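Observations on the model geometry
Each chain, letter by letter, is given below.
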Amino acid sequence: MYAVSRQDELGVLRIVLEEQYERHTTQLALLARQASQLPGADPAAAAALTAASRRALGDIARALHYLEQDGYGSCERCARDIPIEQLAHRPSTRFCTACRPPRGG
Ligand SMILES: [Zn+2]
């Protein structure tokens, strides 16, 4: 039985993030074109979507930057590997589920 190495998992995560980055970049380009071609479109909605995509791009870029660093994906408290699903959901996660501080604090 094969054990998928942590390195492989992080490699997959990188591909996922790069795909997301591309998707948001495409969305931004589409939004920019729509804004110029459809004067009747709701500018507030388009602006909100644009802002959301820009924010997502920033998050993804930061996550890809984290991925470059040694020790990425390990819990800062117990040093165990953080589950890849958790990293995919929130790449800036620094704690495993057990060590994560409660929300809102
Ligand atoms: Zn932990």
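Residues numbered from 1 in each chain as written. Predicted model: local features only at pLDDT ≥ 70, side-chain atom pairs only at ≥ 80, totals over all residues. Heavy atoms only, no water.

1. Let's talk about the pattern of salt bridges
Rules: Salt bridge criterion: a side-chain nitrogen from Lys or Arg within 4 Å of a carboxyl oxygen from Asp or Glu. The numbering of helices and of strands both runs from the N terminus, where a helix is a DSSP run of H or I of at least 4 residues and a strand a run of E of at least 2. Under the scheme applied here, a residue whose accessible area is under 20% of the maximum for its type counts as buried, over 50% as exposed, and between as partly exposed, the area being computed with a 1.4 Å probe on protein chains only.
Tallying each qualifying case throughout the model produces 6 salt bridges. The salt bridge involving R14 is made with E18; its shortest N-O contact spans 3.7 Å. Taken together, the positions of R14 and E18, both in helix α1 (residues 6-37) and 4 residues apart, correspond to about one turn of that helix. Look at E18 and you get partly exposed, because its relative accessible area is 38%. Here the residues in one salt-bridge network are R6, E9 and D81, joined through shared partners.

2. Here we look at the nonpolar core
The test is simple: What makes a nonpolar core is a set of buried Ala, Val, Leu, Ile, Met, Phe, Trp, Tyr and Cys residues whose side-chain atoms join them at distances within 4.5 Å. Residue contacts are defined here by distance: any two heavy atoms, one from each residue, within 4.5 Å place the two residues in contact.
Counting 15 residues, the largest nonpolar core has L10, L13, L17, L67, Y72, C75 and L87 as its most contacted members. Of all the elements in the fold, those that place two or more residues in this core are α1, α2 (43-67) and α3 (84-89). No other element matches α2, which puts 4 residues into this core. For C75, the residues in contact, after removing those within four places along its chain, are R80, I82, R94, F95, C96 and C99.

3. Observations regarding the coordination of the zinc ion
Heads up, the rule is: Counted as donors are N, O and S atoms no farther than 2.8 Å from the metal, or 3.2 Å for Na, K and Ca; water is not among the atoms, and sites may therefore look incomplete. Here a site with four donors is tetrahedral if all angles are between 85 and 135 degrees, and a site with four or six donors is square planar or octahedral if opposite donors are over 155 degrees apart and the other angles are between 65 and 115; anything else gets the irregular label.
Surrounding the zinc ion are the protein donor atoms C75 (SG), C78 (SG), C96 (SG) and C99 (SG), which sit 2.3 to 2.4 Å from the metal. Given 4 donor atoms and angles of 103 to 117 degrees at the metal, the environment of the zinc ion is assigned as tetrahedral. Spacing between the donor residues of the zinc ion along the chain follows C-x2-C-x17-C-x2-C. With C78 in the loop between α2 and α3 and C99 in the segment after α3, this pair connects stretches of sequence that are 21 residues apart. Residue C78 is classed as partly exposed on the basis of its relative accessible area, which comes to 29%.

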